[in-house]
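Listed here are the chains, written in short residue letters.
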Amino acid sequence: MKMQNKRNKSRRKFLQSSGIIGVSTLLGVQAFPLSSCSKKTESSQTIKVLTPEGKLMEVEADQLQEIHHHKPVSNKESRKGIPGKKFVMVVDLAKCKNARECVKACEAHHNLPPDRPFIKVLKIQDNPHSSPYWMPKKCFQCDNPPCVKVCPVGATFKRSDGIVLIDNQLCIGCRFCMAACPYSARVFNWGKPKPIGNSKHAHYSPETSTPSQVGTVEKCDFCPDHLREGKLPPCITACPNGVLYFGDANEDAVTNGVDTVRLSKLLKDKAGYRYLEELGTEPNVYYLPPVDRLFPFKE
Amino acid sequence: MESILKTKENQQILNDLTTPVLKSGRNFKFLMLVLSIVIALGIFAYYKQLKHGLIVTAMRDYTSWGIYISNFVFFVAVSLVGSLISSILKLANAKWSYPLTRIAEMVAVASIICASIIIIVDMGRPDRFFHVITHGRIQSPIIWDVIVIITYLVISILLLLLPLLPDLAICRDQLNGIPQWKKRLYKAISLNWKGSPIQQKRLHRASSILEIMVIPVAFAIHTITSWLFATTWRPGWDSTNLGPILFPGLLCLEQQLLLLQCTLFEGISTFRTI
Ligand code: SF4
Ligand code: SF4
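The rules behind each value
- Residues numbered from 1 in each chain as written.
- Chains lettered and ligands numbered in written order.
- Predicted model: local features only at pLDDT ≥ 70, side-chain atom pairs only at ≥ 80, totals over all residues.
- Heavy atoms only, no water.
- Axes fitted to C-alpha atoms, helices over the stretch in contact; angles between N-to-C directions.
- Helix = DSSP H or I, 4+ residues; strand = E, 2+ residues; numbered from the N terminus.
- Parallel < 35°, antiparallel > 145°, perpendicular 65-115°, else oblique.
- Left-handed = near helix turned anticlockwise from the far one by under 90°.
- Contact = heavy atoms within 4.5 Å.
- Nonpolar A, V, L, I, M, F, W, Y, C, P; charged D, E, K, R; others polar.
- Near = heavy atom within 4 Å.
- Domains from an automatic or database assignment.
- Buried area = accessible area lost by both parts, 1.4 Å probe.
- Salt bridge = Lys/Arg side-chain N within 4 Å of Asp/Glu carboxyl O.
- Polar contact = N/O pair within 3.5 Å; in protein donor to acceptor, adjacent residues only side chain to side chain.
- Pairing = 2+ DSSP bridges.

1. Quick notes on the packing of helix α5 (residues 98-122) of chain B against helix α7 (residues 141-174) of chain B
Residues and elements named next belong to chain B.
Here comes step 1: Running from amino to carboxyl end, α5 crosses α7 at an angle of 150°, the nearest separation of the two axes being 9 Å. Looking at the two axes, α5 sits roughly antiparallel to α7. The two elements α5 and α7 meet at a crossing, and its hand is left-handed. Along its contact with α5, which presents Arg-102, Glu-105, Met-106, Val-109, Ile-112, Ile-113 and Ser-116, the element α7 presents Ile-149, Tyr-152, Leu-153, Ser-156, Ile-157, Leu-159, Leu-160, Pro-163, Leu-164 and Asp-167.
Here comes step 2: Residues of the contact of α5 with α7, tallied by class, amount to 12 nonpolar, 2 polar and 3 charged.

Shown next as structure tokens:
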């Protein structure tokens, strides 16, 4: 909780003791840039915030500063994984309409340019007689990941919770992992990355994959920063059709944000499968076959 | 050795030998100019790549290695020529191959240097090259490649340098009227060669050891490079056969290249095979 305005000591003390600053951000109150402090006049705006005791208070707007509750974890910490978890995703191909909301949510969360998506929604037609369907594809967080095996510097690694991450401060950009991944899940920063949009993207951690660096690889990371806060990855909540389920295999439960279902039962009832199972990569993303579709295929 | 050099005919031969070192013809100068332009273009292109990222190469996620790595394989293949000609044939006592030796060794050193440069050019983050040493994982074929290329580079340079020592000594002793720094350079790289029997014997021993050593290293460099590709899941590469398949192909390539080299060389100079 760092306050940079040194002028108003008494007010600062008051704010700290009542913990308003933290609470106000919890409630989603917009932060104000501190640069306006220097130009502050007596008639500046005030904002209502709630204290932990439930009292409504009024604070001058420019006294507020956003704080980050969950500082991005360090590169070393992010190699360990969240204890006791085993994250899985289930994609119900019967429901996907190519709404592309997951792609957009991912782009916003990871500050990606549109030409380097982590999620690709592919049109698949198994044979000339069957109807085509849409297949959202991302990194499958393989349990036997070929990409991790070939990395010369250990920049990409497997965690105890099943997630495969990349430390882009270590990556030398040899692109061996891209050649090794049978699912073409990885994207390379061929050119300069998108400029940093907001403060959320400013501090690097392998768990957020932002900010990107030119000449390094990236891919879907299952958003461990959200998982640490007990939130679902943005793509799951963004999907309007409930295609994507996310959960913990140890708890045997997955949710698409609306329904929570038993993972084993879902896979059993709907004949879940993993993509290119015969390669032995042991993906952690399951697909439910595109059967009983509720709508015709549209480009 | 001094006494042999004193006779008149020998002096004549030595003069003939050392003249091309001092004087270069028009063709040679033209060739150097053309090559310098090519190198300058390459440096400019690399500068552009450093500035804008690998996007300037038009490689993309599905074709992520492109011509850089094809070139790398090419140069690795060509580099084997040095070890092949200068060691296998020497060990087999094939005297006809001696005049080819030096060309082959030059080609070997040059191409292995090119191969290592291309790897660095291909890297997305050349500034982090030393991560390969500080964070290297022996599990990755790239680390094997780095180790074997460095080993091969050292051996090829030695293979080139050792038989060159007597000639460098001649340059040191015979060339007069060259700048002081060149004199010093010759003095430094001729490693105090005097041609005494004990030096001759040592040189012979060292060459034999190197000639034998380079054969397994050459096998390693080829098979590591080919099996590096086999560790990926790309169709066509994903096969343990890739090592045995690539090896004969590379052997053919490098012999053809040597032939080409000799033909060109014969064209521009009075080089003759015995
Ligand atoms: S899908 Fe590809 S990038 Fe993701 S863990 Fe598997 S091999 Fe690695
Ligand atoms: S591109 Fe980066 S993460 Fe991928 S293998 Fe090379 S160093 Fe490792």
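2. Focus on the site of ligand 1
Here comes step 1: Residues in contact with ligand 1 amount to 13 residues; listed here are only the nearest, Cys-139, Phe-140, Cys-142, Cys-147 and Cys-181 of chain A.
Here comes step 2: Broken down by class, the residue content of the shell around ligand 1 amounts to 10 nonpolar, 1 polar and 2 charged.

3. With respect to the site of ligand 2
Here comes step 1: In the vicinity of ligand 2, the residues found are Cys-151, Pro-152, Val-153, Ala-155, Thr-156, Cys-171, Ile-172, Gly-173, Cys-174, Arg-175, Cys-177 and Val-217 of chain A.
Here comes step 2: Counted by class, the shell around ligand 2 contains 9 nonpolar, 2 polar and 1 charged residues.

4. Quick notes on the domain arrangement of chain B
Residue and element names in this part refer to chain B.
Here comes step 1: Here chain B is partitioned into domain 1 (28-58) and domain 2 (65-273).
Here comes step 2: Domain 1 and domain 2 are separated by 23 Å when their C-alpha centres are compared.
Here comes step 3: On the domain 2 side, the residues contacting the 5 residues of domain 1 number 7 residues.
Here comes step 4: Together, the buried faces of domain 1 and domain 2 total about 380 Å²; carbon and sulfur atoms form 63% of this surface.
Here comes step 5: For the domain 1 face of the interface with domain 2, the top three residues by lost area are Tyr-46, Gln-49 and Leu-54, together amounting to 79%.
Here comes step 6: Run the count over domain 1 and domain 2 and you get 0 salt bridges.
Here comes step 7: For the pair domain 1 and domain 2, the interface holds 2 residue pairs in polar contact (both at pLDDT 80 or more).
Here comes step 8: For the side of domain 1 that touches domain 2, the class distribution of residues is 3 nonpolar, 2 polar and no charged.

5. Overview of the sheet that holds strand β11 (residues 253-255) of chain A
All names here are of chain A.
Here comes step 1: Pairing in this open sheet of 5 strands is mixed, and the strands run β12-β11-β10-β3-β13 from one edge to the other. This sheet does not close on itself; its edge strands, each paired only once, are β12 (260-262) and β13 (285-288). If you compare each strand with its neighbour and ignore which way they point, the axes differ by 25° on average.
Here comes step 2: Bridge analysis of β11 against β12 gives 3 bridges, and the strand direction is antiparallel. Each residue of the ladder has a partner; that of Ala-253, found in β12, is Arg-262.

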